[in-house]
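# Coordinate analysis (summary)
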Amino acid sequence: MSTDKQQKRVTLAITGATGVQYGLRLLECLLAQNCAVDLLISKAAHLVIEVETPEKLPANADKLTEQLSERYAHLAGKVKAYGREDWFAPAASGSGAASSMVVCPCSGGTLSALATGASNNLIERAGDVALKEKRQLILVTREMPLHQVHLEHMLKLAQMGAVIMPASPGFYHQPKSVEDLIDFVVARVMDHLGLDQQLVAKWGES
Ligand SMILES: Cc1cc2nc3c(=O)[nH]c(=O)nc-3n(C[C@H](O)[C@H](O)[C@H](O)COP(=O)(O)O)c2cc1C
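This report concerns the structure included in the present document. Just so it is clear, the model here is predicted, and its values are computed rather than measured.

Note that the residue after Cys104, namely Pro105, is joined by a cis bond; omega there is -5 degrees. A positive phi angle, near 60 degrees, is found at Lys134, a position not held by glycine. In this structure, Gln174 is a non-glycine residue whose phi angle is positive, near 50 degrees. Structurally, Gln174 can be placed in the loop between β6 (163–164) and α7 (178–193). Its relative accessible area of 56% is what places Gln174 among the exposed residues.

What follows is the structure, encoded as structure tokens:
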């Protein structure tokens, strides 16, 4: 745990693509690394969380903050959730936003909104801010197959500086469980954020 290092702030958006487990595991790993996490969960993501996990997280941002803060009280970091139209959230402005934002998983809908500057909810606005301020923006996209518009949106966003990291785990770490596959993707995101992770050994390390 990096308690001695300066606390890093990260905006984590979880959107309604399958694989919300990636986002929830990433949250835990960020908090374990003493990050301050501004958490944004889309309406569709709440539904996917209900379908794909045993969880039903509160839709209300304050209740969500309370529940997650209690759950992760043993970890060094801090989490604060924000509502979909909380325009006073730090992530909504270039003067307040964290230096890094991750959308994990990133739906085709949110990908499209980011590629076109839609900014109709806090997740889209926060991504827009990250792009205009030239801050780190990591998009863990999840769709298959991909049509031309998905691919064009990814190319446009990559050209604007976003990092497109499709949720496609490798197998060279010989995964034994679904958790191992999730950790592969989360480990690569942590690496990009410059944060320590012991989830998967780096290539060339034993
Ligand atoms: C169980 C479930 C799984 C879904 N999986 C995906 C997916 O993998 N990729 C995707 O782009 N959309 C997926 N969707 C559809 C999105 O949730 C939908 O397009 C939504 O409008 C996205 O909104 P958001 O980007 O604000 O979260 C899924 C929906 C449900 C209910």
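Right, picking up where we left off after that structure.
Turning next to the packing of aromatic side chains. Enumeration according to the criterion identifies two aromatic pairs in this entry. Geometrically, the ring pair formed by Tyr172 and Phe184 is edge-to-face, given 5.4 Å between the ring centres and 80 degrees between the ring planes. With Tyr172 in the loop between β6 and α7 and Phe184 in helix α7, this residue pair connects regions lying 12 residues apart in the sequence. Exposure remark for Phe184: the relative accessible area of 8% places this residue in the buried category. Joined through ring pairs, the aromatic side chains of Tyr172, Phe184 and Trp203 make up one cluster. Here the basic side chain of Lys80 rests over the ring of Tyr82, its NZ or CZ set 5.0 Å away from the ring centre.

The next subject is the packing of helix α1 (residues 20–32) against helix α2 (residues 43–52). Where α1 contacts α2, the two axes come as close as 9 Å, and the packing angle between them is 100 degrees. The angle between α1 and α2 falls in the class roughly perpendicular. Contacts from Val20, Gln21 and Leu24 in α1 reach Ala45, Val48, Ile49 and Glu52 in α2. Across the contact of α1 with α2, the residue classes tally to five nonpolar, one polar and one charged.

About the thresholds
- In this numbering scheme, every chain counts its residues from 1 along its sequence in written order.
- Whole-chain, interface and lining totals are the exception, using all residues; otherwise, since this is a predicted model, local features are given only for residues with pLDDT of at least 70 and side-chain atom pairs are given and counted only at 80 or more.
- By convention in this description, side-chain values take in all heavy atoms of the structure and omit both hydrogens and water.
- Note on conventions: DSSP H or I runs of at least 4 residues are helices, E runs of at least 2 residues are strands, and numbering of each starts at the N terminus.
- Each residue gets one of three labels from its accessible area relative to the maximum for its type: buried under 20%, exposed over 50%, partly exposed in between, using a 1.4 Å probe on protein chains only.
- Stacked, edge-to-face and tilted labels apply to pairs of Phe, Tyr and Trp rings (six-membered ring for Trp) whose centres lie within 6.5 Å, assigned for plane angles under 30 degrees, over 60, and everything in between, in that order.
- A ring has a charge above it when a Lys NZ or an Arg CZ is no more than 6 Å from the ring centre and no more than 35 degrees off the ring normal.
- Geometry is summarised by axes, namely lines fitted to C-alpha atoms with helices restricted to the contacting stretch, and by angles between N-to-C directions that run from 0 to 180 degrees.
- Roughly parallel here means an angle under 35 degrees, roughly antiparallel means over 145, roughly perpendicular means 65 to 115, and every remaining angle is called oblique.
- In what follows, residue pairs with any heavy atoms lying within 4.5 Å of each other are defined as contacts.
- All residues other than Ala, Val, Leu, Ile, Met, Phe, Trp, Tyr, Cys, Pro, Asp, Glu, Lys and Arg, Gly among them, are scored as polar; the first ten of these are nonpolar and the last four charged.

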